Amino acid sequence: MKLKALETYFATRLTSKLRNNISKDFRYKILAETAKEDINSLIVLGNGNIDDLAVPIVCHHLNGNKIVGITKPDGKKRLNALSELPTYISRHKIDKIALIMDQEEDDLDEIFNQAEKKLMDQHIQFDVVNNNNRFKQYQCKHGSRTFDFILIISGLNDFHTKTHKIEDHLVKGAFKLSRISEDPQDSKETWNSVDTHTQGEILNGLVKSKSISSEVFPQHFNGLRLLEEQFDSV
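I will try to describe carefully the structure that is included in this document. (Residues numbered from 1 in each chain as written. Predicted model: local features only at pLDDT ≥ 70, side-chain atom pairs only at ≥ 80, totals over all residues. Heavy atoms only, no water.)

1. Overview of the overall build of the protein chain
Step number 1: What the protein chain contains, in helices and strands, is ten helices and seven strands.
Step number 2: In terms of overall dimensions, the protein chain is globule-like: its C-alpha atoms have a radius of gyration of 17 Å, near the 17 Å expected for 234 residues.
Step number 3: By principal-axis analysis of the C-alpha atoms, the protein chain measures approximately 50 × 40 × 30 Å.
Step number 4: Across the 234 residues of the protein chain, 56% fall into the buried class.
Step number 5: When contacts within the protein chain are restricted to residue pairs at least 6 apart in sequence, those whose partners lie at least 24 apart make up 68%.
Step number 6: Considering the protein chain, the positive charge centre built from 32 side chains and the negative charge centre built from 34 side chains are found 6 Å apart. (Helix = DSSP H or I, 4+ residues; strand = E, 2+ residues; numbered from the N terminus. Rg over C-alpha atoms; globule rule 2.2 N^0.38 Å. Buried < 20%, exposed > 50% of the residue type's maximum accessible area, 1.4 Å probe, protein only. Contact = heavy atoms within 4.5 Å. Lys, Arg positive; Asp, Glu negative; His and termini not counted. Charge placed at Lys NZ, Arg CZ, Asp CG, Glu CD.)

Structure (structure tokens):
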């Protein structure tokens, strides 16, 4: 799976981050040169800067022939990004959308309940067709348009931390790659305490190993893989 940023400013930022934090070669492998009009699937990042690095690694290990759009709406974090769904499906002819967001301190069921309320508030009809612990797939209808929506919640129960977020996955990857040895109290603080060179080694280790990455990012692999599939309309 390759990625195409919808906005020019995000494309520039993403290119720079991948080049500087992973490698120039990886940047060329994962970012596609194609017209936005050719994209029918979209990944929406609902949280901070680390998702820009982690999500491309997952996509790198998925189907290399699929080109998927990627965006991070300014000022609309986590479930607030759902307000953009009608725009995405009308302006960009998108029929499959995945939103990736951190769990933080929230209960998983409450996040899904809030997401469904926001869908209803926007007059989006939906049926749940795939219900997992940390991702859920919905078949949706808005006006005359039908689309599939996949909500993926970042975080792992492997560590007894107060909040769960994308850094949980990177810290687990660091354990698997023998770059960290202590159980973290806060995965974000642990990741930020690692020097830049070691962070790069961890990220590149995940790029090179599909088996470790799939173990480290289980809900992301399972959820984003759905973007490659053809679904029946509602």
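2. Brief notes about the environment of proline 73
Step number 1: Within the element layout of this structure, proline 73 appears in the loop between β3 (67-71) and α4 (85-91).
Step number 2: Its relative accessible area of 13% is what places proline 73 among the buried residues.
Step number 3: Separated by 24 residues in sequence, proline 73 and isoleucine 97 place their C-alpha atoms 14 Å apart.
Step number 4: Apart from residues lying up to four places away in sequence, proline 73 is in contact with Val44, Leu45, Ala81, Glu84 and Tyr88.

3. Remarks on the pairing of strand β4 (residues 96-102)
Step number 1: The element β4 is extensively covered by neighbouring structure, given that seven of its seven residues are classed as buried.
Step number 2: A two-sided burial pattern is seen for β4, the buried positions comprising Lys96, Ala98, Ile100 and Asp102 on one face and Ile97, Leu99 and Met101 on the other.
Step number 3: Note that strand β2 (residues 41-45) and β4 share five bridges and pair parallel. Its bridge partner being in β4, isoleucine 43 is matched across the sheet by alanine 98.
Step number 4: Direction of pairing for β4 relative to strand β7 (residues 145-154): parallel, over a ladder of seven bridges. What sits directly across from isoleucine 97, in β7, is phenylalanine 149. (Pairing = 2+ DSSP bridges.)

4. Examining helix α3 (residues 51-60)
Step number 1: Of all ten residues in α3, nine are buried; the element is thus mostly enclosed.
Step number 2: For α3, the complete set of buried residues consists of Asp51, Asp52, Leu53, Ala54, Val55, Pro56, Ile57, Val58 and Cys59.

5. Overview of the nonpolar core
Soluble, globular proteins show a tendency: their nonpolar side chains are buried together.
Step number 1: Judged by nonpolar contacts, the single largest core of 47 residues is most densely connected at Ile43, Leu206, Phe217 and Leu224.
Step number 2: Those residues in contact with phenylalanine 217, other than ones at most four positions away along the chain, are Ala54, Val58, Ile166, His169, Leu170 and Leu206.
Step number 3: Counting residues in each nonpolar core, the second largest holds 26 residues, with Met101, Leu108, Ala115 and Ile153 among its members. (Core = buried A, V, L, I, M, F, W, Y, C linked by side-chain atoms within 4.5 Å.)

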